[in-house]
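Chain residues, written in single-letter form:
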Amino acid sequence: MQVLRVLNSSFNQHGAALIASLLRAKPNANLVIATGNTPMGVYDELAKLKLQGELDSSSLHAFQLDAYADVPLSDPRSLQGWSRRSFVEPLGLAEKQFTPLIGYSDNHERACQSYHDAVIKAGGYDLAILGLGPNGHLGFNEPPSSKTSTTRVISLTEESLISNAVYWGRGNVPTQALTAGMDLLLAAKQILLLVTGKHKYEILQKTLYGAITPEVPSSYLQASQHVMVLADEAALGS
Ligand code: PGA
């Protein structure tokens with residue numbers, strides 16, 4: 001695991017540069033793309049690189065990371081909608097370049113299985129772009145999640161319900177979600193964990209230096225060689 005400490009003011013450029021360099025090496029890379037606050041500026045920078053002709057997004061493939069259960073695409077809370085607005089559309093991806101994790105079907109288990117099969121068929125993720133939940137979740141792999149947990153439906157913990165209330169309002173956060181499994185995420189050829197802000201300091205310490213445990217799903221990243229943690233000074237502390 002490599003930790004890159006950057007100034008908050010250059011965080012987004014650094015994140016975009018790391019992703020762009022991977023795409024230069026492998027233009028048809030499979031990326032799994034987190035939503036949440038942290039990656040948004042990074043995605044904006046990537047879109048700028050594309051506009052400047054410095055990024056070719058014509059053959060990459062993006063996979064949605066997680067989805068609220070029973071929330072239709074038309075709902076502002078849809079994470080598929082957010083993935084599309086923040087990444088798929090700004091990077092001009094064709095429909096066939098995006099694989100959603102469908103949270104609004106009548107059979108969530110089947111949706112999870114077909115997503116899993118699509119990732120495996122594509123050869124797995126080349127790059128997992130992840131944020132860090134305040135409880136150590138990756139995607140919606142809520143604690144406890146073991147390193148072999150599969151793509152599945154999961155109940156959100158109280159902590160996630162509270163942290164996601166900033167987007168949707170208290171009592172308005174769906175209580176169940178579908179998430180790409182830890183098995184798929186940890187098998188990614190590279191993982192980029194994006195972390196900013198003082199409020200992530202404690203969980204980042206646990207992620208980097210704490211016990212490796214299902215109670216902190218992000219702690220499994222310690223065991224992987226292919227992890228780059230990009231964090232600002234506030235999240236890393238002095
Ligand atoms: P954030 O979310 O990027 O909005 O902090 C991270 C997460 O909860 O996974």
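So, a few notes on the structure that sits alongside this text. Model, not experiment: these values are computed from the prediction. (Residues numbered from 1 in each chain as written. Predicted model: local features only at pLDDT ≥ 70, side-chain atom pairs only at ≥ 80, totals over all residues. Heavy atoms only, no water.)

Glancing now at the packing of helix α2 (residues 40–51) against helix α3 (residues 79–88). Two numbers describe how α2 lies on α3: the axes approach to 9 Å, and their chain directions differ by 40°. Here α3 runs oblique to α2, going by the angle between their axes. Counted together, Met 40, Tyr 43 and Leu 46 of α2 and Trp 82, Ser 86 and Phe 87 of α3 form the full contact between these two elements. When its residues are assigned to classes, the contact of α2 with α3 shows 5 nonpolar, 1 polar and no charged. (Axes fitted to C-alpha atoms, helices over the stretch in contact; angles between N-to-C directions. Helix = DSSP H or I, 4+ residues; strand = E, 2+ residues; numbered from the N terminus. Parallel < 35°, antiparallel > 145°, perpendicular 65-115°, else oblique. Contact = heavy atoms within 4.5 Å. Nonpolar A, V, L, I, M, F, W, Y, C, P; charged D, E, K, R; others polar.)

Further remarks concern the site of the ligand. As a matter of local geometry, the ligand sits amid Gly 36, Asn 37, Thr 38, Leu 132, Gly 133, His 137, Tyr 167 and Lys 200. In this structure, an oxygen atom belonging to the ligand sits 2.6 Å away from a side-chain N or O atom of Tyr 167. Between the ligand and the protein, one listed contact pairs an oxygen atom with a side-chain N or O atom of Lys 200 at 2.6 Å. For the ligand, whose unbound accessible area comes to 280 Å², protein coverage reaches 83%. (Near = heavy atom within 4 Å. Polar contact = N/O pair within 3.5 Å; in protein donor to acceptor, adjacent residues only side chain to side chain. Areas by Shrake-Rupley, 256 points an atom, 1.4 Å probe, with all protein chains shown as cover.)

Let's shift gears to the pairing of strand β3 (residues 61–64). Regular strands place side chains that alternate from one sheet face to the opposite one. Residue alternation in β3 divides its side chains into two sets, His 61 and Phe 63 and Ala 62 and Gln 64, and both sets are buried. For strand β2 (residues 30–33) and β3, the ladder comprises 4 bridges, and the chain directions are parallel. The residue bridging Val 32 from the neighbouring strand is Phe 63, located in β3. Each parallel crossover has a hand, and the one from β2 via α2 to β3 is right-handed. (Buried < 20%, exposed > 50% of the residue type's maximum accessible area, 1.4 Å probe, protein only. Pairing = 2+ DSSP bridges. Right-handed = clockwise from strand over helix to strand, strands pointing away.)

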